[in-house]
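# Report on the structure
The lines below spell out each chain.
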Amino acid sequence: MFHQKTAAEIVAVGRQLVSKGLVSGTWGNISARIPGAGDFLITPSGVPYESLDAQDLVLLDPEGKVKKGTLRPSTETPLHIAIYKKRPDVLAIVHTHSPYASVFAVNRRELPPVLEEQAQLLGGTVRVAPYAPPGSKELADGAVTALEGRSAVILANHGVVGVGRSLKDALLICQVVEKGAQVFLLAQLSGKPHVLSERDVALLRRNFLEKYGQNPLSSACALKEQSRKDDDN
Ligand SMILES: [Zn+2]
């Protein structure tokens, strides 16, 4: 099997998407760059995660041309191509349709940082990419723009995309988006949630990247720091 380790990780993350309730059926998709190459492995279209096998994955070049695999790649392949092209710091992408984040997606409402882990892992407010049909270039372009300087983006009326330095990180980012969405909605029902200030977000993020864990700056979420004038509004 080609790129066995990466393929096995994608299959494992797929099982977790289902077990953690982040997708149902065959929705969502997962990809990872092949270390040292521009190619990436992606899940096939319409294959249930429970029966997904490493052999089912499709190896694509950076332009989306099939290099190996017999099944059709995910219909969201253009989204993955666009993100990898724009973000050399991203090595893995996980796309989910998780329920609480979907509330923000249908309201087309940004998810503000209310939890410390949101500030640490997501880099601040998760923006919403404008609605566009799944699989379209418009969706890919809108998602890449809204993802600037962030590790997650909400797709209007659709779902969430998390990106990271590894598949594990991209999965964790999707989980943090889902938890943040759930907590924020419940907090609004039971009180008046306080959003972390821009200053606190910057401090939490910096401390996390520089000091947290055994290998600061080698993990998660140590994605390329970018600035953007309209950040954190
Ligand atoms: Zn989707």
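Cut-off values and rules
- Residues numbered from 1 in each chain as written.
- Predicted model: local features only at pLDDT ≥ 70, side-chain atom pairs only at ≥ 80, totals over all residues.
- Heavy atoms only, no water.
- Helix = DSSP H or I, 4+ residues; strand = E, 2+ residues; numbered from the N terminus.
- Buried < 20%, exposed > 50% of the residue type's maximum accessible area, 1.4 Å probe, protein only.
- Contact = heavy atoms within 4.5 Å.
- Donors = N, O, S within 2.8 Å, 3.2 Å for Na, K, Ca; no water.
- Core = buried A, V, L, I, M, F, W, Y, C linked by side-chain atoms within 4.5 Å.

In the annotation of an unreviewed UniProt entry, the protein is listed under the name L-fuculose phosphate aldolase FucA and assigned to Thermacetogenium phaeum.

What follows covers the environment of Val-13. For Val-13, the position within the fold is in helix 1 (residues 4–19). The class of Val-13 is buried, set by a relative accessible area of 6%. C-alpha of Val-13 to C-alpha of Val-114: the two residues are 101 residues apart in sequence and 26 Å apart in space. Those residues within four positions of Val-13 in sequence are excluded, and the remaining contacts are Ile-30, Val-94, Leu-167 and Leu-171.

Within the protein, His-95 (NE2), His-97 (NE2) and His-158 (NE2) serve as the donor atoms for the zinc ion, at 2.0 to 2.1 Å. Linear spacing of the donor residues for the zinc ion on their chain is H-x1-H-x60-H. Residue His-97 is found in the loop between strand 5 (92–96) and helix 3 (99–107), and its partner His-158 is found in the loop between strand 7 (152–155) and strand 8 (159–164); the two are separated by 61 residues along the sequence. Given a relative accessible area of 15%, His-158 falls into the buried group.

Before going further, it helps to spend a moment on the nonpolar core. If you look at the biggest cluster of nonpolar residues, it comprises 43 residues, and the most contacted ones within it are Leu-17, Ile-30, Leu-111, Leu-122 and Val-177. Sorting elements by how many residues they give to this core places helix 6 (residues 167–190) first, with ten residues. Excluding residues that lie within four positions of it along the chain, Leu-17 makes contacts with Leu-22, Val-23, Ile-30, Tyr-49, Val-94, His-95, Thr-96 and Leu-171. With 23 residues, the next largest nonpolar core counts Phe-40, Leu-60, Ile-81 and Leu-139 among its residues.

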